[in-house]
Amino acid sequence: MVKSKKTSQTGLRAGLKKSPTGIAGLDQITDGGLPQGRPTLVCGGTGCGKTLLAMEFLVHGATEFNEPGVFMSFEETVRDLTENVVSLGFDLQEMIARKQLVLDYVYVERSEIEESGEYDLEGLFIRLGAAIDAIGARRVVLDTIETLFAGLPDPAILRAELRRLFRWLKDKGVTAVITGERGDKTLTRQGLEEYVSDCVIVLDHRVSEQTSSRRLRVVKYRGSTHGTNEYPFLIDADGISVLPVTALGLKHKVSAERVSSGVPRLDAMLGGKGYYRGSSVLISGTAGTGKSSLAAHFANNACLRGDRVLYFSFEESPDQIIRNMRSIGLDLQPWIKAGLLQIHAHRPSSAGLETHLALKHQLIMRFKPQVVIMDPLNSFVIGDNAIEVKSMLMRLVDFLKTQQITGLFTNLAQGGGPVEQTEVAISSLIDTWLLLRDIDSGGERNRCLSILKSRGMAHSNQIREFLLTDQGVELRDVYVGPEGVLTGSARLTKEAENQATLLIRDQEVELRQIELERKRTTLEAQIAMLRAEFAVQEVASQKVIGQETAEKAKLAQGRVDMGVSRKVDAKPNKGKGASK
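Chemist: Hey, could you run me through the overall build of the protein in this one?
Modeler: Along the protein, the regular secondary structure elements total 14 helices and 24 strands. Relative to its full complement of 580 residues, the protein shows a buried share of 45%. Per element, the accessible surface of the protein, about 30,700 Å² overall, is 52% carbon and sulfur.

Chemist: Would you mind showing me how to read the pattern of salt bridges here?
Modeler: Under the counting rule described, the total for this entry stands at 22 salt bridges. We note a salt bridge from K50 to E181, for which the minimum N-O separation is 3.5 Å. Of this pair, K50 sits in helix α2 (residues 50–64) while E181 sits in strand β7 (residues 175–181), and the two are 131 residues apart along the sequence. Notably, a salt bridge pairs D431 with R455, separated by 3.4 Å at the nearest N-O pair. Here the residue D431 occupies a position in the loop between β18 (406–412) and β19 (432–441), and R455 occupies one in the loop between β20 (444–454) and β21 (464–469), the gap between them amounting to 24 residues. Through salt bridges with shared partners, a single network forms among R38, K170, D198 and R222.

Chemist: Got a minute to help me understand the pairing of strand β15 (residues 309–313) in this structure?
Modeler: Look at any regular strand and the pattern is simple: side chains alternate between the two faces of the sheet. Burial within β15 is extensive, with 5 of its 5 residues counted as buried. Judged by which residues are buried, β15 turns out to be covered on both faces: V309, Y311 and S313 on one side and L310 and F312 on the other are all buried. Examined bridge by bridge, β15 and strand β16 (residues 341–345) share 5 bridges and lie parallel to one another. Among the inter-strand pairings, Y311 is bridged to a residue of β16, identified as I343.

Chemist: In this structure, what is going on with helix α12 (residues 386–402)? I would like to understand it.
Modeler: Along an α-helix, residues three or four apart share an orientation, since each turn contains 3.6 residues. The first and last C-alpha atoms of α12 sit 24 Å apart over 17 residues, in line with the 24 Å expected at 1.5 Å per residue. Along α12, the residues classified as buried are V389, M392, L393, R395, L396, V397, D398, F399, L400 and K401. Contacts made by the buried residues of α12 are with β10 (231–236), β14 (280–285), α11 (353–367), β17 (371–375) and β18. Just past α12, the residue Q404 takes up positive phi, approximately 60°.

Chemist: I keep staring at the packing of α11 against α12 and nothing clicks. Help me out?
Modeler: To characterise two packed helices, one gives the angle between the axes of the helices and the distance between these axes. Following both chains from N to C, one finds α11 and α12 inclined at 15°, their axes separated by 10 Å at the closest point. Overall, the two elements α11 and α12 adopt an arrangement that is roughly parallel. The hand of the α11/α12 crossing is right-handed. Between α11, through L353, E354, L357, K360, H361, I364 and M365, and α12, the contact on the second element is made entirely by E388, V389, M392, R395, L396, F399 and L400. Residue composition of the contact of α11 with α12, grouped by class: 9 nonpolar, 1 polar and 4 charged.

Chemist: I would appreciate a short explanation of helix α9 (residues 318–326) in the present structure.
Modeler: All buried positions along α9 are accounted for by I321, I322 and M325. Buried residues of α9 fall within an arc of 95° about the axis and therefore sit on the same side. Along α9, the residues that are exposed and aim more than 90 degrees away from the buried face are D319 and R323.

About the criteria used
- All chains use their own residue numbering, which begins from 1 and follows the written sequence.
- Residue-level local features of this predicted model are given only where pLDDT is at least 70; pairs of side-chain atoms are given and counted only at 80 or more, and the full residue set underlies all totals for whole chains, interfaces and linings.
- Side-chain numbers here rest on the full set of heavy atoms in the structure, without hydrogens or water.
- In DSSP terms, a helix is any run of H or I states spanning at least four residues, a strand is any run of E spanning at least two, and both are numbered starting from the N terminus.
- Whether a residue is buried, partly exposed or exposed follows from its accessible area with a 1.4 Å probe, protein chains only, as a fraction of its type maximum: under 20%, in between, or over 50%, in that order.
- Working definition of accessibility: Shrake-Rupley area with a 1.4 Å probe, residue cover restricted to the visible protein chains.
- Every case where a carboxyl oxygen of Asp or Glu lies within 4 Å of a side-chain nitrogen of Lys or Arg is listed as a salt bridge.
- Pairing between two strands requires that DSSP report at least two bridges joining them.
- Working rule for helices: expected span equals 1.5 Å times residues minus one.
- Here, two residues are considered to be in contact whenever any of their heavy atoms come within 4.5 Å of each other.
- To get an axis, fit a line to the C-alpha atoms, keeping to the stretch in contact for a helix; angles then go from 0 to 180 degrees between the N-to-C directions.
- In what follows, roughly perpendicular refers to angles from 65 to 115 degrees, roughly parallel to angles under 35, roughly antiparallel to angles over 145, and oblique to any angle outside these ranges.
- Handedness of a crossing follows from how the near helix is turned relative to the far one, being left-handed for an anticlockwise turn of less than a right angle and right-handed for a clockwise one.
- Gly counts as polar in this scheme, as do all residues outside two lists: the nonpolar Ala, Val, Leu, Ile, Met, Phe, Trp, Tyr, Cys and Pro, and the charged Asp, Glu, Lys and Arg.
- The arc in question is formed by the directions pointing from the helix axis toward the C-beta atoms.

Note that every value here comes from positions in space, so none of it alone points to a role or purpose.
Okay, structure coming up:
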């Protein structure tokens, strides 16, 4: 069983020492920096940034890692070098005064050199060694190497002297960066440096569809793992920054927190709470359906929560966006003044795709937003570059998710084609997809909104009519009936017809209730009258019954009295009988 090598506290493999470059992104790609005490070749065409990368390597080494450096140039004078990097904030004269840096210009003109024996670099070794010893340099730059061998006819001698140069640098224990011009079919003009250097970095400045972009690739790195893809890099006022997002994977964390879309009825359609924080949202639809308006609502609501919003516009200027959104009741200007909203507007054709990606990465890292909006994506599609656009957007979406940034993208769907797809085919990267469409009916064009998908949450499958009012976006229920889906005036007419029908039915019900009440009242009156008549008759009857009862009682009493009288009369006279 093979045991893995132990790693140091910095995460690097034990035994492999590296010198960090201090250049954003490059140290990630090289897993810590350039090989310490070994030479590194940086090659590329004119204007690709070789000299700048080498100079940043020295400046960062001296100012951040306490490693003085020597810059030996064979093309630019010390004055030119000093003036060229002032715009980046590098004061080389002050660094020279502090013994942090030595600048040396070696003038080499082949036409003025007379061969008098075998060509060698012994004079260079002496001059370079003196500069290294003068400040105790730990880093060295030779810019550019092929100038030393201009016009040298013997490649064998050239190869031998290059090997000798690299071996001399290793013996001095310095970390060296050697720059070279790109050859036609090789990495350098001579095609030899890549065979004798420990690390080779290729810089490329290419032009495609009239737009330029810069890319970096580590061709080889002896004794170390490294990124092997092409990485976009940017040169701006802060120097070089490399974007290593092609190494991102699907290991980002997710959040269960929900953020409002800015439209209450849309939140209700999204499970009542809105989007997931850190998710990706796509709003697609034909021209004029309200994509930017929904994006502005989301931005406005995010600023209300105190979130920072970075808004990239590729069709409208910031002032135009602010003016247009005021027509629907949204004023974004206060958020810009408060520092919660930044709007960056530029045409996609202003730079290459990789440069756009690097620029956005840099702005995001600088502003640290919670929400990023890109409006619209399809502006990047020029000619047959849909695959490249998808690759760029894939890396951008992955980067946003690793930073827990909610990304909202708009996409213009082409009229007449299927709206359930995008030109850049990024639907698989999207968590929530809102579809806006036009419905033509009754001489009107009306907007509708539906949710194609929303991962991880219950969401409505119904269509809502989408209105842009002076109070913002308003969603209404569409009318679905035997006539189909009705919107706009047709919906209003149908709703008015339904309301009239309901009114007539309500009136009929009310009339029936009145008639029923009238009958109830009449019947109750009749019942009351009958009860009154019955009461009168009852009283009269009770009176007659009472009289009859009394008479009957009297008659009964009379009969009783008569009976008693008869009994008295019938008794015998006992006195009279005794006398007889």
